[in-house]
Amino acid sequence: MQGPAPSDALPSVHQARSVRLTVAALRRATSLRVWGGHGCGAPCDFCRVVVAPADVEYEVEASLDGKSLVLHFHRNCHDAWQAGQTAASDSDQRDGPQGGPSSDAA
Ligand SMILES: [Zn+2]
């Protein structure tokens, strides 16, 4: 049974989010600051798996829709997230190679 959240709770970037970010929201988020540490028990925002205390956790202070929030990532997931953001912005201009295998080796 879950009661409503107290309305006078101060907004905090470290506040636990009850709603998880969608992939689209993750892509819109802009990384402001990144720092590393050990897993604090928060789930990774990319793969939704809790970052183990023995694992390296990337904490990202990000801006999303004018709000700042903290994202938690595994190291690999942070890389994947950054790569996904790059790919998303690149998809606007289709000027590069298609990425298919080159059959030019005749
Ligand atoms: Zn992850």
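In this text the structure is predicted, and so the values were computed from the model without any measurement.

## Considerations on the nonpolar core
Inference 1: Counting 12 residues, the largest nonpolar core consists of Ala29, Cys44, Phe46, Val51, Tyr58, Val60, Ala62, Leu69, Leu71, Phe73, Cys77 and Trp81.
Inference 2: Secondary-structure elements contributing two or more residues to this core are β2 (56–64), β3 (67–74) and α2 (75–90).
Inference 3: If we ignore the near neighbours within four places in the chain, the residues touching Ala62 are Ala29, Thr30, Ser31, Leu32, Ser68, Leu69 and Leu71.

## Some remarks on the sheet that holds strand β1 (residues 30–38)
Inference 1: Strand order in the open sheet formed by three strands is β1-β2-β3, and the pairing between neighbours is antiparallel. The sheet is open, and its two borders are formed by β1 and β3, each paired with just one other strand. The average undirected angle you get between the axes of adjacent strands in this sheet is 20°.
Inference 2: The pairing of β2 with β3 spans eight bridges and is antiparallel. By the bridge assignment, Glu59 is partnered in β3 with His72.

## So, the pairing of β2
Inference 1: Bridge count for β1 against β2 is eight bridges, and the pairing is antiparallel. Looking across to β2, one finds that His38 is bridged to Val56.
Inference 2: From the end of β2 to the start of β3, which pair antiparallel, there are two residues, and Asp65 there has a positive phi angle of about 55°.

## Quick notes on unusual backbone geometry
Inference 1: Of note in the backbone geometry, Arg48 takes a positive phi value of approximately 70° without being a glycine.
Inference 2: Along the polypeptide, Arg48 turns up in the loop between β1 and β2.
Inference 3: Residue Arg48 is classed as exposed on the basis of its 9 C-beta neighbours within 10 Å.

## So, the confidence of the model for the protein chain
Inference 1: Averaged over every residue, the pLDDT of the protein chain is 80; residues scoring 70 or more account for 64%.
Inference 2: Across the protein chain, the element-wise mean pLDDT spans from 84 in α2 up to 96 in β2.
Inference 3: Predicted confidence for residues 9–13 stays below pLDDT 50, and this span has four contacts to residues more than four positions away or in other chains.

The rules behind each value
Residues numbered from 1 in each chain as written. Predicted model: local features only at pLDDT ≥ 70, side-chain atom pairs only at ≥ 80, totals over all residues. Core = buried A, V, L, I, M, F, W, Y, C linked by C-beta atoms within 7 Å. Buried ≥ 20, exposed ≤ 12 C-beta atoms within 10 Å, placed from the backbone. Helix = DSSP H or I, 4+ residues; strand = E, 2+ residues; numbered from the N terminus. Contact = placed C-beta atoms within 7 Å. Pairing = 2+ DSSP bridges. Axes fitted to C-alpha atoms, helices over the stretch in contact; angles between N-to-C directions. pLDDT = per-residue confidence, 0-100.

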